[in-house]
Amino acid sequence: MNTTYKLLPPKPKNTKKQVTTWLTVIVSIALIIWSCTGIDFGGIKATAGQIAGAIISGIFHPDWSYVYNGSGEDLVSQLWETLCIAFLGTFISAIISLPFAFWAAHTRHKKWYSSRSGKIVLAIIRSFPEIILALMFIKAVGPGSAAGVLALGFHSVGMLAKLFSEAIENLEEGPNEAVTSVGGSKVNVIMFSIMPNLMPALISNTLYRFDVSIRSASILGLVGAGGIGYPLIIALQYRQWNRVGIILLGIIVMVVIVDWISGQIRKRLV
Amino acid sequence: MSKTEQDLLNLPKKKFNYMNLVWLIVIVGGLFVSINETNTHLSVLFANFSQFTDIFVQMCHPDWSYSSTVIPLLLETIKMAILGTVIGSVVAFIYSLLIARNIVKNKAVTGVLRVIMNIIRTIPDLLLGAIFVAIVGIGPVAGILALSVFTFGVVVKLFYEAIETIDPGPIEALTAVGANKLQVIHFAVLPQIMTYFISYVLYAFEINVRASTVLGYLGAGGIGLYLQQTLQVFSYDKTGTIIIFIIIAVVLIDYVSSKSREALMR
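Quantities reported herein were computed from a predicted structural model and do not represent experimental measurements.

Q: Mind laying out the overall build of chain A, listing which residues take part and the relevant values?
A: Within chain A, the regular secondary structure consists of ten helices and zero strands. Across chain A, helices and strands are ordered from the amino to the carboxyl terminus as α-α-α-α-α-α-α-α-α-α. The globule rule puts the C-alpha radius of gyration for 270 residues at 18 Å, and the 26 Å found for chain A is more than 25% above it. The dimensions of chain A, computed from C-alpha atoms along their principal axes, are 80 × 65 × 40 Å. Counting every position in chain A, which comprises 270 residues, the buried fraction comes to 39%. In chain A, once contacts between residues fewer than 6 apart in sequence are set aside, the share between residues at least 24 apart is 70%.

Q: Requested: an account of the overall build of chain B, with residues and values cited.
A: Helix and strand counts for chain B stand at twelve helices and zero strands. Counting helices and strands in the order they occur from the N terminus, chain B gives α-α-α-α-α-α-α-α-α-α-α-α. Its C-alpha atoms put chain B at 80 × 70 × 35 Å along the principal axes. Taken over 266 residues, chain B has a buried fraction of 39%.

Q: I'd like a rundown of the UniProt feature "transmembrane region" (unreviewed entry) in chain A, residues and numbers included.
A: All names here are of chain A. As recorded in UniProt, the sites labelled "transmembrane region" (unreviewed entry) are residues 20-39, 80-105, 219-238 and 244-262. Between the end C-alpha atoms of residues 20-39 the distance is 30 Å, and the span holds 85% helix and 0% strand. Regarding residues 244-262, the helix share stands at 100% and the strand share at 0%, and the terminal C-alpha atoms are separated by 27 Å.

Q: So, the interface of chain B and chain A: which residues are in play, and what are the values?
A: The interface is formed by 49 residues belonging to chain B together with 52 residues belonging to chain A. A class-by-class count of the residues in the side of chain B that touches chain A yields 33 nonpolar, eleven polar and five charged.

Q: Explain the nonpolar core to me, and be specific about the residues and the numbers.
A: Note that soluble globular proteins tend to have their nonpolar side chains buried in a common cluster. Counting residues in hydrophobic clusters, the biggest one holds 130 residues, and the most contacted among them are Ala134, Phe137 and Ala151 of chain A together with Ala130, Phe132 and Ala146 of chain B. The greatest single-element share of this core, amounting to 15 residues, is contributed by helix α8 (residues 140-164) of chain B. Not counting residues up to four positions away in its chain, the partners in contact with alanine 134 of chain A are Ala147, Gly148, Ala151, Leu220, Val223 and Ala225 of chain A.

Q: So what's going on with the packing of helix α4 (residues 112-127) of chain A against helix α6 (residues 145-169) of chain A? Which residues, and what values?
A: All names here are of chain A. Where α4 meets α6, the axes come as close as 7 Å, and the angle between the chain directions of the two elements is 140°. By the angle between their axes, α4 is oblique relative to α6. The element α4 and its partner α6 pack so that their crossing is left-handed. On α6, the residues that touch Leu122, Ile125 and Arg126 of α4 are Val157, Gly158, Met159, Ala161 and Lys162. Each residue belonging to the contact of α4 with α6 can be placed in one class, and the counts come to five nonpolar, one polar and two charged.

Q: Now, about helix α9 (residues 229-237) of chain A: what can you tell me, with residues and values included?
A: Summarising burial for α9 of chain A: seven of the nine residues are buried, a large majority. Against α3 (75-104), α8 (186-220) and α10 (241-269) of chain A together with α7 (125-136) of chain B lie the buried residues of α9 of chain A. Phi turns positive, to about 55°, at arginine 239 of chain A, one or two residues after α9 of chain A.

Q: Explain the environment of lysine 162 of chain A to me, and be specific about the residues and the numbers.
A: Residues and elements named next belong to chain A. Here lysine 162 lies in helix α6. The class of lysine 162 is buried, set by 22 C-beta atoms lying within 10 Å. As for lysine 162 and lysine 11, which are separated by 151 residues in sequence, their C-alpha atoms are 43 Å apart.

Q: An account of the packing of α4 of chain A against helix α12 (residues 236-265) of chain B is needed here, citing residue identities and associated values.
A: A pair of packed helices is characterised by two quantities: the angle between their axes and the separation of those axes. Running from N to C, α4 of chain A and α12 of chain B point in directions that differ by 120°, and their axes come no closer than 9 Å. Helix-helix and strand crossings are classified by hand; for α4 of chain A and α12 of chain B the assignment is right-handed. Along the contact surface, α4 of chain A presents Ala123, Ile124 and Ser127 of chain A, while α12 of chain B presents Ile246, Ile247, Val250, Val251 and Asp254 of chain B. Taken together, the residues that form the contact of α4 of chain A with α12 of chain B break down as six nonpolar, one polar and one charged.

Reading the values: the criteria
Numbering of residues begins from 1 in every chain and follows the order in which that chain's sequence is written. To read the labels, note that chains go from A and ligands from 1, taken in the order they are written. Only residues with pLDDT of 70 or above have their local features reported here, since the model is predicted, and side-chain atom pairs are shown and tallied only from 80 upward, although totals for entire chains, interfaces and linings are computed over all residues. A run of H or I in DSSP counts as a helix once it spans at least four residues, and a run of E counts as a strand once it spans at least two, with each numbered from the N terminus. Here the radius of gyration uses the C-alpha set of atoms, whereas the globule reference equals 2.2 Å times the residue count to the power 0.38. Working definition of burial: number of other C-beta atoms within 10 Å of the residue's own, with buried at 20 or more, exposed at 12 or fewer, and partly exposed in between, all C-beta atoms being placed from the backbone. Contact between residues is assigned whenever the C-beta positions, reconstructed from backbone atoms, fall within 7 Å. UniProt positions are given in the numbering used here, feature names are shortened, and annotations may be inferred rather than shown by experiment. Ten residue types, Ala, Val, Leu, Ile, Met, Phe, Trp, Tyr, Cys and Pro, are classed as nonpolar, four, Asp, Glu, Lys and Arg, as charged, and the remainder, Gly among them, as polar. Definition of nonpolar core: a set of buried Ala, Val, Leu, Ile, Met, Phe, Trp, Tyr and Cys residues joined via C-beta atoms within 7 Å. Here, axes are lines fitted to C-alpha atoms. For helices the fit covers the stretch in contact, and angles between N-to-C directions go from 0 to 180 degrees. Roughly parallel means an angle under 35 degrees; roughly antiparallel, over 145; roughly perpendicular, 65 to 115; everything else is oblique. Each crossing gets its hand from how the near helix is turned against the far one by less than a right angle, where anticlockwise is left-handed and clockwise is right-handed.

Structure representation (structure tokens):
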């Protein structure tokens, strides 16, 4: 049998690419090993498995009596409060985001430093921890959902304005020029060309941010800024696993429903 | 001007869309309901705004001598984020291969695994932190576990969708020459999606760095614990130092990671 047919042609070699690949691999492995050093892996509670089991069994045997009892402290009303915090927070941030977005958008008619400075400001807002913002607002308006709303409203600006500014950057010049060429003023351009073209992206980004805000709003309660997080942390501290189970179930159901609805609306928009 | 010319000047009427009115009512109604429910009155904010700015001004005068304490803590936080990202994405890698419909043909298996994935994805990161602190106790292990689970949720969703959009040609070619499942994955699937995977992992890492800085607030290790302590004793200058370092680290890591993601995708 002629074996020459069985030999495959050698793979083409690209030395530069291989070197960079290997360097990246070595650096990543070094980073991973470095991160394993100096972390205290001890201190795991001996009862860890037992508690994990208790939480899981709590999810399957939830405390149904907590779902609704009309006291305003039950699951449904807390979830409703969380939903309202997210809604109002997103609404506030969408309004604040618009001017920021136009500031940070890199379009043809602007100097590079104006959009760059806007981007840096947005990056700083985004990196400012939400929980700290919530704590600062708690000092200002007292503990409760108002602090959560304000924290969400200001924190979301960082991400929402970034998404908005990207949408503005992706706008086409054509419609603007068309409006200008038939004698439209700057206001006309914004009214009849920029806003109608921008609207679907704005709505879809805001809805997306609403999804994220729902999750954030359920966290904010952990520091006392209203919503479902507070009863959850209390239940965790008092080891009421059945209640933990029902709260987790409630959060999951709420997030899934909201995600589904906003996904449907966004699908229609595009 | 004759009448026809007048008619030409009139623009065609826009059709009135009833859905827009419905949406307007929904939004305005939602606004009123939620203002009522959350008791948010801007007047309260403006009345107490001096307190807010007071804290802010104190934070803007950071205590630089505190930075020698902050930097090692920040490094520990980043270590937590790296470990969480690595563990979570390794699990996500295998899991995504199991739920991609073009690799595992059994609809029942992928369906059940997807439901589990979607449930895990809904739980926010800090909530996971709180739960893991309750399970394994206070310390960085709780944080790493929480970040792993969270990373898993982020990466798995993006990655399995990437796998499902790959070109089926190479898979068919390899199947035709008699390759088994592992060989198909190694030679047909992985070369097409490896760059996506790395880019998603970097993306998850960015989120994890942000999340890890506040996880300590709940007792899950890292710098967040000191954030809580300094806030409790009202030493806002120290809090300011911590926040400035967090912002610098997050912005730097974001920049490096987004640049390398761009380089990868080129």
